[in-house]
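# Per-entry structural report
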Amino acid sequence: MSTIIAPRGTRDILPCESYKWSYVINTAAETMNDFGFNEIFIPLFEHTELFARGVGETSDIVEKEMYTFTDRGGRSITLRPEATAGVMRSALENNLCAQGNFAKLWSYGPMFRYERPQKGRYRQFYQIDAECLGIQGAEADIEIIDLSIELFKRLGLKNLEIVLNSVGCEKCRPVYREKLVNYFKQHESELCETCLNRLDRNPLRILDCKKEQCGKISDNAPDIYDSLCDECKDHFKNLRDGLERLGFTYKINKRLVRGLDYYTKTAFEILSGDLGAQNAVCGGGRYDNLAEAAGGSHLPGVGFACGLDRVIIVMEEQGCNFGEIPAPKIYVVARDDEARANSQIITHKLRANKIAAVNDISGRSFKAQMKAANNCKYICFVNAAGELELKNISDGVQKNLSLDEIIECLKK
Ligand code: HAM
């Protein structure tokens, strides 16, 4: 029988790496807290309809990337490909924005998309997600972008760049859509096969195509800003003014439409890295019609998601700090076999005093215990009579002390 391995596109985050993940998540938790965002936990699976109607029937995610199955009760269930639709569903179901209230929510966890795996692209990947629900004005968009930049600054990412666009709303987008279709139809023979398919279903996505031939055609496509309604124009101006007031510079990219159908008005990405090797470390935008698509009443929203797997790769490339590698503070070494029971008792008491302590539980020799104690700051030697000696590794000083004295010394 062959050994079972992890499914394609999934991977284990092993202890040699997991501390980096904890560092990023803890930094995110602190930053979210400083911005007044509250943590929310939502299910890993939802009714398929939520994503089909929310993320959009014409998005790549819904068309070909969802993990969908029928459960034992005959319901169509989908592993969440992203968090925004679930957060919105939860806010509607739990009345988080009743009576004109707003909600600032964040979460993190695994998402699932059936994509072709490669470096930085997995079928189970992780996102840190922030959503601000119930606010129509651009102040919310500004806060969301400010939050994402602050998070990446705290993580030490270099050369951060904000890329912005407005994708219009249900009033002005149909006009723009028509102009685009007319334009692309004149270039039908030059478009790639994917874009040809998008022509009638979702022509805005053609603007986003990375293929050179489509890019050239898109460069001369009608400008969305000529089609924006006054409300969308005002919103975009307020957003830009607000970012400038906070001292941010940004780049406008008229071809940034993003892959999810729910966006209205603001779409943005944050890039980091050296010129020529820029990486998108997060993407987000406004989604004022998602609540209605999910069957609720009007509830505007804006948010972002940062791909944890990719951020960690970019941080590694840029030599960012991941904090201290976790290690116990003290190793309790049994001087001989008769002292083994005492080493377990002492370790137990240190831990009860919230001191990170380990002892050998595998029958290792004195020499092997000393080797294992290598990464600790202190060693406590214990003998069969229960006498203790504390050694500070950094200065080599060794003293006979009582357990209470050791606890006091280590708690300092
Ligand atoms: P998204 O652009 O689809 O947006 O995903 C956000 C981030 O998730 C991407 O920038 C990328 O870093 C990461 N990501 C996506 N797919 C993969 C994958 N297969 N493997 C590794 N990382 C991946 C959303 O998901 C929206 N919900 C963002 C949002 C929140 N908009 C408003 N609120």
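Within any chain, residue numbers begin from 1 and follow the written order of that chain's sequence. Where totals are concerned, whole chains, interfaces and linings use all residues; where local detail is concerned, this predicted model gives features only for residues with pLDDT of at least 70, and gives and counts side-chain atom pairs only at 80 or more. In computing side-chain values, all of the structure's heavy atoms are included and hydrogens and water are not.

## Describing the packing of helix 5 (residues 138–154) against helix 9 (residues 230–245)
Axis lines are fitted through C-alpha atoms, for helices just across the contact stretch, and the angle between N-to-C directions can take any value from 0 to 180 degrees. Helix and strand assignments follow DSSP, with helices taken as H or I runs no shorter than four residues and strands as E runs no shorter than two, numbered in order from the N terminus. The contact between helix 5 and helix 9 brings their axes to 9 Å, and the two run at 45°. Looking at the two axes, helix 5 sits oblique to helix 9. In this structure, helix 5 crosses over helix 9, and the sense of that crossing is right-handed. Facing Ala-138, Asp-141, Ile-142 and Ile-145 of helix 5, the residues of helix 9 in contact are His-235, Asn-238, Leu-239, Gly-242 and Leu-243. Its residues placed into classes, the contact of helix 5 with helix 9 shows five nonpolar, three polar and one charged. Oblique is the label for any angle not covered by the other classes, which are roughly parallel (under 35 degrees), roughly antiparallel (over 145) and roughly perpendicular (65 to 115). Note on convention: near helix rotated counterclockwise from far helix by under a right angle means a left-handed crossing. Clockwise means right-handed. Whether two residues are in contact is decided by their heavy atoms: any pair within 4.5 Å suffices. Ten residues, namely Ala, Val, Leu, Ile, Met, Phe, Trp, Tyr, Cys and Pro, are considered nonpolar, four, namely Asp, Glu, Lys and Arg, are considered charged, and the remaining ones, Gly among them, are considered polar.

## Quick word on the environment of Arg-258
Considering the arrangement of structural elements, one finds Arg-258 in the loop between strand 8 (250–252) and strand 9 (264–272). Classification of Arg-258 as buried rests on a relative accessible area of 14%. Taking the C-alpha atoms as reference, Arg-258 lies 19 Å from Met-88; in sequence the two are 170 residues apart. The contacts of Arg-258, once residues within four sequence positions are left out, are Arg-205, Asp-208, Tyr-263, Ala-267, Phe-268, Glu-269, Gly-283 and Gly-284. Polar contacts involving the side chain of Arg-258 include one to the side chain of Tyr-263, which spans 3.1 Å. For the purposes of these results, a polar contact is taken to be a pair of N or O atoms within 3.5 Å, where, inside protein, one atom must be able to donate a hydrogen and its partner to accept one; residues adjacent in sequence count only when each atom of the pair is a side-chain atom. Of the polar contacts made by the side chain of Arg-258, one reaches the side chain of Glu-269; its length is 3.2 Å. With a 1.4 Å probe rolled over the protein chains alone, any residue whose accessible area is under 20% of its type maximum counts as buried; one over 50% counts as exposed, and the rest are partly exposed.

## Describing helix 12 (residues 340–352)
Residues separated by three or four positions in an α-helix point in the same direction, a consequence of the helix having 3.6 residues per turn. Its 13 residues give helix 12 an end-to-end C-alpha distance of 19 Å, which sits within 8% of 18 Å, the value for a rise of 1.5 Å per residue. Every buried residue belonging to helix 12 is among Asn-342, Ser-343, Ile-346, Thr-347 and Leu-350, and all of these are buried. Down the axis of helix 12, the sector holding all buried residues measures 135°, keeping them to one side. Exposed residues on helix 12 whose side chains face more than 90 degrees from its buried face are His-348 and Ala-352. Its buried side turned inward, helix 12 meets strand 12 (330–334), strand 13 (357–359), strand 14 (378–382), strand 15 (388–392) and helix 14 (403–411). After helix 12 finishes, the residue Lys-354 shows a positive phi value of roughly 60°. Given a helix with a known number of residues, its expected span is that number minus one, times 1.5 Å. In this context, the arc is that of the directions from the helix axis out to the C-beta atoms.

## A closer look at the sheet that holds strand 4 (residues 76–79)
Here three strands make up an open sheet; going across it, the order is 2-4-3 and the pairing antiparallel. Sheet topology places strand 2 (45–47) and strand 3 (68–70) at the edges, where each strand pairs with a single neighbour. Strand after strand, the sheet turns through a mean of 35° between neighbouring axes, direction not considered. Note on pairing: two strands pair once DSSP finds at least 2 bridges between them. Sheet topology places strand 2 next to strand 4; three bridges connect them, and they run antiparallel. Across the sheet, the residue bridging to Glu-46 is Thr-78, located in strand 4.

## Looking at the site of the ligand
Inspection of the region around the ligand gives 24 residues, with Glu-82, Thr-84, Glu-115, Arg-258 and Tyr-263 positioned closest. Between the ligand and the protein, one listed contact pairs a nitrogen atom with a backbone N or O atom of Tyr-122 at 2.8 Å. All accessible areas in this document rest on Shrake-Rupley with a 1.4 Å probe, and a residue is counted as covered only by the protein chains that are shown. Considered on its own, the ligand offers 660 Å² of accessible surface; in the complex 94% of this is hidden by protein. Of all the elements in the fold, those that place two or more residues in the shell around the ligand are strand 6 (124–133), strand 10 (279–286) and strand 11 (301–307). Here the residues of the shell around the ligand are counted per class, giving eight nonpolar, eight polar and eight charged. One heavy atom within 4 Å of a molecule or strand makes the whole residue count as near it.

## A word on the packing of aromatic side chains
Here a Phe, Tyr or Trp ring, Trp counted by its six-membered ring, pairs with any other such ring whose centre lies within 6.5 Å, and the pair is stacked when the planes are under 30 degrees apart, edge-to-face when over 60, and tilted otherwise. One pass over the full model with this rule turns up nine aromatic pairs. An angle of 70° between the planes, with centres 5.7 Å apart, marks the rings of Tyr-67 and Tyr-114 as edge-to-face. Note that Tyr-67 is positioned in the loop between helix 3 (60–65) and strand 3 and Tyr-114 in the loop between strand 5 (103–112) and strand 6, a separation of 47 residues in sequence. A relative accessible area of 27% places Tyr-67 in the partly exposed class. Given the relative accessible area of 44%, Tyr-114 is considered partly exposed. The interplanar angle of 70° and the centroid separation of 4.9 Å between the aromatic rings of Tyr-262 and Tyr-263 together place this pair among those described as edge-to-face. Residues Tyr-262 and Tyr-263 agree in their burial class; the two are buried. These aromatic residues form a ring-pair network of at least three members: Tyr-262, Tyr-263 and Tyr-287. Whether a charge lies above a ring is judged from NZ of Lys or CZ of Arg, which has to be within 6 Å of the ring centre and within 35 degrees of the ring normal. Taking NZ or CZ as reference, Lys-20 lies 5.2 Å from the ring centre of Phe-322, over its face. Sitting over the face of the ring of Tyr-114, Arg-123 holds its NZ or CZ atom 3.9 Å from the ring centroid.

## Let's talk about the pairing of strand 11
Within strand 11, six of the seven residues are buried, leaving the element largely enclosed by the surrounding structure. As judged from the seven bridges shared by strand 6 and strand 11, these two strands associate in the antiparallel manner. Bridge pairing in strand 11 links Cys-132 to Val-302. Bridging between strand 10 and strand 11 involves five bridges; their strand directions are antiparallel. When the sheet's bridge partners are listed, Gly-283 is paired in strand 11 with Ala-305.

## Let's talk about the sheet that holds strand 1 (residues 38–39)
What the eight strands build is an open sheet, ordered 1-5-6-11-10-9-7-8; its pairing is mixed. The open sheet has two edge strands with one neighbour each: strand 1 and strand 8. Sheet topology places strand 9 next to strand 10; seven bridges connect them, and they run antiparallel. Each bridged residue has a counterpart across the sheet, and for Phe-268 the counterpart in strand 10 is Gly-284. Strands in contact with helix 9 are strand 7 (161–166), strand 8, strand 9 and strand 10; relative to strand 7, the strand with the most contacts, it is inclined by about 165°.

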